[in-house]
Amino acid sequence: MAQANDSDRAVGPGPTFPFKSTESSERTVSERELEKLKNDRILVSDFKQKKIEMEAQKNWDLFYKRNTTNFFKDRHWTTREFEELKACRKFDAQKLIMLEAGCGVGNCIFPLLEEDLNIFIYACDFSPRAVQFVKENHLYCSEQCLAFQCDLTKDDLKATIPEESLHVVTLVFVLSAIHPDKMRHALENIHKVLKVGGIVLFRDYGLYDHAMLRFKSASKLGENFYVRQDGTRSFFFSREYLANLFHQAGFHTLVNEYVLRETVNKREGLCVPRVFLQGKFQKCTRNACQ
Ligand SMILES: C[S@@+](CC[C@H](N)C(=O)[O-])C[C@H]1O[C@@H](n2cnc3c(N)ncnc32)[C@H](O)[C@@H]1O
């Protein structure tokens with residue numbers, strides 16, 4: 001089974017050019033692309049949308065049943081892109097306590113555990129199968145991690161993680177899978193377990209990513225929100241939308257930038273533009289976020 005770059009299934013495998021650019025403005029789309037997006041007006045019916053929402057957990061669990069641990073690549077870029085994972089300690093020997101929210105099968109956490117012994121990682125996902133794969137990984141050990149099943153939009157993280165105890169939360173290609181009406185609640189849930197001054201490290205799909213332009217008609221659920229054939233969903237974030245969402249949930253923005261890349265899709269002989277949004281959001285000091 002081939003592995004996908006970052007978190008994309010629609011575009012398929014292929015090497016990513018080493019160049020990376022970080023931008024504060026969104027990707028410029030061609031007139032043809034704009035036309036395609038404008039013409040895509042018909043939304044999936046309300047009935048079907050409710051069904052997709054009700055079956056969200058089942059659909060992710062089936063995804064991991066089909067793909068087991070073979071789909072996503074290990075994310076070895078996290079300490080390079082998010083230097084806070086190393087630098088946010090007040091002193092060298094301080095243990096870093098973090099949560100990987102929506103951990104999948106652990107492609108973010110295991111590279112971190114390999115690199116850094118002085119870390120404790122809570123890892124949650126709402127697919128029980130994904131959580132089981134994390135627990136079965138040979139790097140999993142109870143001194144350094146605790147994996148648990150949880151729906152970020154419903155279950156209280158405080159049931160497992162002490163209130164205001166975390167230095168860092170990573171949210172990597174997860175918020176895009178959640179219905180926009182529930183994103184704020186998921187962030188508020190995370191907010192409660194972060195220390196004041198703690199940081200959310202975010203990476204996800206950006207507006208006009210190639211995957212967004214590839215959705216066929218009848219896949220649109222709402223503005224910038226689509227459903228894949230397997231029933232999993234994907235939202236494409238603009239900087240403004242994301243900043244507003246985090247702000248409403250009690251965070252202020254440290255970084256919020258588009259990452260523009262090009263990926264070679266050998267199968268289709270194409271070089272395609274990828275757009276991600278990368279951000280760092282800090283839990284405000286009490287009363288400082290209005
Ligand atoms: C694209 S995967 C990313 C996994 C992982 N963060 C990584 O980088 O490899 C998205 C994950 O979000 C999880 N997820 C989606 N909605 C969720 C929710 N409401 N609560 C918890 N996890 C959720 C899915 O089960 C899936 O494992």
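Residues numbered from 1 in each chain as written. Predicted model: local features only at pLDDT ≥ 70, side-chain atom pairs only at ≥ 80, totals over all residues. Heavy atoms only, no water.

Enquirer: If you had to explain the overall build of the protein to someone new, which residues and values would you point to?
Expert: Counting its secondary structure elements, the protein contains ten helices and eleven strands. Going through the 290 residues of the protein one by one, you find that 56% of them count as buried. Of the contacts formed within the protein by residues at least 6 apart in sequence, a portion of 76% connects residues at least 24 apart. Roughly 13900 Å² of accessible area belongs to the protein as shown, and the carbon and sulfur atoms make up 51% of that amount. (Helix = DSSP H or I, 4+ residues; strand = E, 2+ residues; numbered from the N terminus. Buried < 20%, exposed > 50% of the residue type's maximum accessible area, 1.4 Å probe, protein only. Contact = heavy atoms within 4.5 Å. Areas by Shrake-Rupley, 256 points an atom, 1.4 Å probe, with all protein chains shown as cover.)

Enquirer: Before we move on, could you go through the environment of Gln 94 and cite the residues and values that matter?
Expert: Position of Gln 94 relative to the elements: it lies in the loop between helix H5 (84–87) and strand E2 (96–101). When the C-alpha atoms of Gln 94 and Ile 119 are compared, they prove to be 8.6 Å apart, with 25 residues separating the residues in sequence.

Enquirer: Before we move on, can you summarise the sheet that holds strand E9 (residues 233–235) with the specific residues and values?
Expert: In spatial order, the strands read E7-E8-E9; together these three strands make up an open sheet with antiparallel pairing. Lying at the two open borders of the sheet, with one neighbouring strand each, are strand E7 (220–222) and E9. Within this sheet the neighbouring strands show an average axis-to-axis angle of 25°, counted without direction. Bridging between strand E8 (residues 225–227) and E9 involves three bridges; their strand directions are antiparallel. From the neighbouring strand, Phe 225 faces E9, where its bridge partner is Phe 235. Strands in contact with helix H2 (residues 46–54) are E7, E8 and E9; relative to E7, the strand with the most contacts, it is inclined by about 85°. (Pairing = 2+ DSSP bridges. Axes fitted to C-alpha atoms, helices over the stretch in contact; angles between N-to-C directions.)

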